[in-house]
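Okay, here's what each chain looks like letter by letter:
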Amino acid sequence: MNHETQSERKLTTTTAEPERTRGGRTYVPAVDILEQGDELLLRADVPGARADDIDIQYERGTLTIAARVAPRGDANRTWVLREYGVGDFVRTFQVGEGIDAQKISAEVRDGVLTLHLPKAESARTRKITVRGG
Amino acid sequence: MFALQRFPFTPALELRREMDRLLNTFLPEMFEPTGGAYPALNVWEDGERLVAEAEVPGLTLSDLEILVRGNELTIQGSRKATNGEDAVYHRRERGTGEFVRHLTLPTEIDADKVEATLKDGVLTIVLPKSEQARARRITVKSD
């Protein structure tokens, strides 16, 4: 399995979260960022979060995704094995210039958040047709 | 579609954030190292049953196979790459491929009554203890 140790990475507490107003631990979600046609695509693992739990901010090239995750199960339960913690997911990215902020869209499905970041007109590769003379 | 929100910066929030950060630094929760095993598992006891939970974002029940035999639990499956091989990755942290986890539970399980649900990328497996494994309740009557 080509997978980094999920629980280890999640234990890294992010420091870039000025909007946080609740207590508890936060976790850094694993992401894929890729280029596809005229957009950047960001996928983040946010298990336990639904659409209403997710806030996305984009301001001056800084993209922040925050997903609230409610605690699951009785806090005083008897643990048999405990390999990961449950809490909010927060992560901030610096996005290079050239994103059309008005056209950013997102959806969440099965605990995976997908963000579409369309490139601004100026950042798109222009195709120039060369005519023979 | 999500609303883009802006939050005002306030010194009080900043202080709270700093306090949380310090507390998290000094009082970390204790977790068993998984040694890279996927998925990470949480298992707890809930009366006459055990509950196993795993975070498997992006998977559906058809991607997973759950086997219970005696006190052995096996979770296996595969996580497919969502994008074509020609995709240009700037960052790739989400693992793909096949996985299997075996776990020996502290009690025998009634395999016929095991139930698994998958919701928002969280797999929950309810494992009722077998009849023999259940603690006998003895009612004490008063005279």
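Keep in mind the model is a prediction, meaning the values are calculated, not measured. (Residues numbered from 1 in each chain as written. Chains lettered and ligands numbered in written order. Predicted model: local features only at pLDDT ≥ 70, side-chain atom pairs only at ≥ 80, totals over all residues. Heavy atoms only, no water.)

## Topic: the overall build of chain A
A count of helices and strands for chain A gives one helix and nine strands. From first element to last, N terminus to C terminus, chain A shows the α and β order α-β-β-β-β-β-β-β-β-β. When the 133 residues of chain A are sorted by exposure, 53% land in the buried category. Just so you have it, chain A exposes about 6,900 Å², and 45% of that area is on carbon and sulfur atoms. (Helix = DSSP H or I, 4+ residues; strand = E, 2+ residues; numbered from the N terminus. Buried < 20%, exposed > 50% of the residue type's maximum accessible area, 1.4 Å probe, protein only. Areas by Shrake-Rupley, 256 points an atom, 1.4 Å probe, with all protein chains shown as cover.)

## Observations concerning the confidence of the model for chain A
Within chain A, residue pLDDT values average 81, and 77% of them lie at 70 or more. Confidence over residues 2-15 of chain A falls short of pLDDT 50; this stretch has 40 contacts with residues more than four positions distant or in other chains. (pLDDT = per-residue confidence, 0-100. Contact = heavy atoms within 4.5 Å.)

## Examining the side chain of Thr-74 of chain B
All names here are of chain B. Along the chain, Thr-74 turns up in strand β4 (residues 72-79). Residue Thr-74 is classed as buried on the basis of its relative accessible area of 10%. Of note is the side chain of Thr-74, whose polar atom sits 3.0 Å from the side chain of His-102. Ignoring any residue separated from it by four or fewer positions in sequence, one finds Thr-74 in contact with Glu-65, Ile-66, Leu-67, Val-100, Arg-101 and His-102. (Polar contact = N/O pair within 3.5 Å; in protein donor to acceptor, adjacent residues only side chain to side chain.)

## A look at the sheet that holds β4 of chain B
Residues and elements named next belong to chain B. If you walk across this open sheet you meet the three strands as β3-β4-β6, and the pairing is antiparallel. In the strand order of this sheet, the two ends are held by β3 (64-69) and β6 (97-104), each with one partner. Across this sheet, the average inter-strand angle for adjacent strands is 10 degrees, counted without regard to direction. (Pairing = 2+ DSSP bridges. Axes fitted to C-alpha atoms, helices over the stretch in contact; angles between N-to-C directions.)

## Observations concerning the pattern of salt bridges
Opposite charge on two side chains permits them to pair, given that their charged atoms come into close proximity. Applying the stated criterion across every chain yields a total of 16 salt bridges over all chains. The partner of Arg-50 of chain A in a salt bridge is Asp-120 of chain B, and the shortest N-O contact between them spans 3.5 Å. Taken as a pair, Arg-50 of chain A in the loop between β3 (39-45) and β4 (54-59) and Asp-120 of chain B in the loop between β7 (115-119) and β8 (122-128) lie in two separate chains rather than in one. A salt bridge links Asp-55 of chain A to Arg-68 of chain A, with the nearest nitrogen and oxygen atoms 3.1 Å apart. Placement of Asp-55 of chain A in strand β4 and of Arg-68 of chain A in the loop between β5 (62-67) and β6 (78-82) is noted, with a sequence separation of 13 residues between them. Take Asp-55 of chain A: its relative accessible area is 16%, and that puts it in the buried class. Taking the relative accessible area as the measure of exposure, Arg-68 of chain A reaches 33% and is therefore partly exposed. (Salt bridge = Lys/Arg side-chain N within 4 Å of Asp/Glu carboxyl O.)

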